[in-house]
Amino acid sequence: MAVSDTVRTVTILGSTGSVGTNTIDLIKRSPERFDVDTLTGNSNVELLAQQAVEVGARHAVVADETLYGALKEALSGSRIEAAAGRGALIAAAQRPSDWVMASIVGAAGLAPTLEAVRRGAIVGLANKECLVSAGALFSGEVSAAGARLVPVDSEHSAIYQVFDFERPERIERIVLTASGGPFRERSRDSLTEITPEEAVAHPNWSMGAKISVDSATMMNKGLELIEAYHLFPVPGDKIDILVHPQSVIHSMVEYVDASVLAQLGTPDMRTPIAYALAWPDRMPTPSPRLKLEDIATLTFEAPDPVRFPALRLARDALNTGGSAPTVLNAANEIAVFAFLQRKLKFLDIPRVVEECIAALGRQNLDTLDDVIAIDTEARRHAQALCEKIAL
Ligand code: NAD
Ligand code: MG
């Protein structure tokens, strides 16, 4: 039977976020293709319950266990089962389904995503932080379980679509494109008093607060460099970053014969989400169609490592290996959160990350418990640094 003739059972980890709501939007437009088993959210029980009713989910899980009563209340009158707490989130990922969207933000997504991986699901991977944090150990679990990761990050979706996995030795390099974020043309001095509102206002993409700040510091591209290293069999020094402010070319793969293959589209996350949702088939989306004649000009420039030190920090962490990417990710999450709470200045985000990596040094990561221990230690250290630096 062709894949398009089958109904895919779906779990969405993080359905109430930006990627999650776009995924729900696509499922509602093609209900004949999907049977939604479970939706999860952190705290927005009203939206979670509404989504669960709209797509006919069987289970809804809120990670904050104090909200069990509120979720139950919001679902009253439906036959949808409510559950709450970290254990329920893990159980949601373990419940059988063909396809799992991993769209929880940050390292909090690691444990549930791993559960989906371990039961061999097809995982639409939006949560780049879990791959950055757990790296080769995460990939090892994917191979051991025979799971399939289909990237949702637009750049990695683009590469996945043009990458010859049968002949990776024929690939000369990968070019990850970057919009450059909202401060691409600003001087470094003018970035000192940036507010959270300015930082989350991305010029091309509408996304959650954390990734929007990461795009503004360009740490997002640094995390994506490490993500690409783990998703595609190419060495880190063959992954380049190119600023392309229009976000039309979503990334490129250059072959040994100098051919460059790229995937293009308007900047609408529903396109890469649909690619993962339907993989290996394709499904329609309402994403605006690309009209190059209207855009007329595509521009490119090299990234500026002086104004955006996060790129250098991420590349160094990738080269250092071991625990360095885990610390980079954990320290960045803490610093971004402090910035969003107005407890840290914008330019101090990479500073906290750099000082944290220098202070903690490199350790080997032999088990996932090592990852969790180092992640916890790095968060504690970064928190103390944020308090010391404070405004
Ligand atoms: P978001 O903040 O909008 O949504 C995050 C989701 O995770 C929400 O459903 C929230 O309830 C849930 N969540 C947050 N903390 C949690 C916790 N501790 N436990 C359980 N659930 C928790 O984020 P987003 O923009 O949708 O991004 C999600 C992930 O996808 C991130 O890793 C991001 O880097 C990646 N990504 C996002 C986009 C985008 O367009 N938004 C693009 C590429 C990659
Ligand atoms: Mg991206």
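Residues numbered from 1 in each chain as written. Chains lettered and ligands numbered in written order. Predicted model: local features only at pLDDT ≥ 70, side-chain atom pairs only at ≥ 80, totals over all residues. Heavy atoms only, no water.

### Quick word on the overall build of the chain
Of the regular secondary structure elements, the chain holds 16 helices and 11 strands. Taken over C-alpha atoms, the radius of gyration comes to 20 Å for the chain, in line with the 21 Å a tight globule of 391 residues would show. Scored against the burial criterion, the 391 residues of the chain give a buried share of 54%. Of all intrachain contacts in the chain linking residues separated by at least 6 positions in sequence, the fraction that spans at least 24 positions is 68%. Only carbon and sulfur atoms are counted for the fraction: they give 51% of the accessible area of the chain, which is about 16300 Å². (Helix = DSSP H or I, 4+ residues; strand = E, 2+ residues; numbered from the N terminus. Rg over C-alpha atoms; globule rule 2.2 N^0.38 Å. Buried < 20%, exposed > 50% of the residue type's maximum accessible area, 1.4 Å probe, protein only. Contact = heavy atoms within 4.5 Å. Areas by Shrake-Rupley, 256 points an atom, 1.4 Å probe, with all protein chains shown as cover.)

### Examining the coordination of the magnesium ion (ligand 2)
Taken together, the protein donors to the magnesium ion (ligand 2) comprise Asp 153 (OD), Glu 155 (OE) and Glu 224 (OE), at separations of 2.1 to 2.2 Å. Site description for the magnesium ion (ligand 2): donor spacing in sequence, D-x1-E-x68-E. There is no split in this pair, since Asp 153 and Glu 155 are both buried. (Donors = N, O, S within 2.8 Å, 3.2 Å for Na, K, Ca; no water.)

### Quick word on the site of ligand 1
For ligand 1, the set of nearby residues contains 24 residues, the closest of which are Thr 16, Ser 18, Asn 42, Glu 129 and Gly 208. Here Gly 17 contributes a backbone N or O atom positioned 3.1 Å from an oxygen atom of ligand 1. Contact distances for ligand 1 include 2.9 Å between an oxygen atom and a backbone N or O atom of Val 19. Relative to its unbound accessible area of 820 Å², ligand 1 is 87% covered by the protein chains. Mapped by element, the contributors of at least two residues to the shell around ligand 1 are helix H1 (18–29), helix H4 (86–94) and helix H6 (128–145). Of the residues in the shell around ligand 1, the class split is 10 nonpolar, 10 polar and four charged. Two domains each put at least three residues into the shell around ligand 1: domain 1 (3–151) and domain 2 (165–266 + 286–390). (Near = heavy atom within 4 Å. Polar contact = N/O pair within 3.5 Å; in protein donor to acceptor, adjacent residues only side chain to side chain. Nonpolar A, V, L, I, M, F, W, Y, C, P; charged D, E, K, R; others polar. Domains from an automatic or database assignment.)

### Examining the nonpolar core
Counting residues in each nonpolar core, the largest one holds 121 residues, and the members touching the most others are Leu 39, Leu 71, Phe 138, Phe 232, Leu 328 and Phe 346. A total of 10 residues in this core trace back to one element, the largest contributor, which is helix H14 (residues 324–340). Ignoring anything within four residues of it in the chain, the contact list for Phe 138 reads Leu 110, Thr 113, Leu 114, Val 117, Leu 125, Cys 130, Leu 131 and Leu 149. (Core = buried A, V, L, I, M, F, W, Y, C linked by side-chain atoms within 4.5 Å.)

### Section: the pattern of salt bridges
As enumerated under the stated definition, the model contains 30 salt bridges in all. Arg 342 is paired through a salt bridge with Glu 197; the nearest N and O atoms lie 2.5 Å apart. Linking Arg 342 in the loop between H14 and helix H15 (348–360) with Glu 197 in helix H8 (residues 196–200), this pair joins segments that are 145 residues apart in sequence. Judged by relative accessible area, which is 46%, Arg 342 ranks as partly exposed. For Arg 351, the salt bridge identified is with Asp 348, shortest N-O distance 3.1 Å. Placement of the pair is Arg 351 and Asp 348 together in helix H15, with a separation of three residues, close to one helical turn. Judged by relative accessible area, Asp 348 falls into the buried class, the value being 13%. (Salt bridge = Lys/Arg side-chain N within 4 Å of Asp/Glu carboxyl O.)

### Remarks on the packing of helix H9 (residues 209–217) against helix H10 (residues 219–231)
The contact between H9 and H10 brings their axes to 5 Å, and the two run at 95°. Considered as vectors, H9 and H10 are oriented roughly perpendicular to each other. Every residue of H10 that contacts H9 at Lys 210, Ile 211, Asp 214, Ser 215 and Thr 217 is listed here: Met 219, Asn 220 and Leu 223. The residue inventory of the contact of H9 with H10, partitioned by class, reads three nonpolar, three polar and two charged. (Axes fitted to C-alpha atoms, helices over the stretch in contact; angles between N-to-C directions. Parallel < 35°, antiparallel > 145°, perpendicular 65-115°, else oblique.)

### Concerning helix H11 (residues 270–278)
For H11, the tally of buried residues reaches eight of nine residues, placing the bulk of the element in the interior. Of all the positions in H11, only Arg 270, Pro 272, Ile 273, Ala 274, Tyr 275, Ala 276, Leu 277 and Ala 278 are classed as buried.

### Description of the pairing of strand E5 (residues 99–102)
Burial of the side chains of E5 extends over both faces: Trp 99 and Met 101 are buried on one face and Val 100 and Ala 102 on the other. Pairing geometry for strand E1 (residues 8–13) and E5, over four bridges, is parallel. Of the residues in E5, the one forming a bridge with Leu 13 is Ala 102. Each parallel crossover has a hand, and the one from E5 via helix H5 (residues 110–118) to strand E6 (residues 122–125) is right-handed. (Pairing = 2+ DSSP bridges. Right-handed = clockwise from strand over helix to strand, strands pointing away.)

### Some remarks on the side chain of His 244
Along the chain, His 244 falls in the loop between strand E9 (239–243) and strand E10 (249–255). At a separation of 3.1 Å, a polar atom in the side chain of His 244 contacts the main-chain amide nitrogen of Val 248. In this structure, His 244 is in contact with Thr 177, Ala 178, Ser 179, Ile 249, Leu 298, Thr 299 and Phe 300, ignoring residues within four places of it in sequence.

### A closer look at the packing of aromatic side chains
For the structure shown, the criterion picks out seven aromatic pairs. Grouped by ring-pair contacts, the aromatic residues Tyr 160, Phe 163, Phe 165, Phe 232 and Tyr 275 constitute a single cluster. (Phe/Tyr/Trp six-rings, centres within 6.5 Å; stacked < 30°, edge-to-face > 60°.)

### Here we look at helix H2 (residues 45–55)
Taken together, the buried positions of H2 are Val 45, Leu 48, Ala 49, Gln 51, Ala 52 and Val 55. For H2, the buried positions fall inside an angular range of 160° around the axis, keeping them on one side. Packing partners of the buried residues in H2 comprise H1, strand E2 (34–41), strand E3 (59–62) and helix H3 (68–74). Where H2 terminates, the next one or two residues include Gly 56, which has phi positive at roughly 70°. (Arc of directions from axis to C-beta.)

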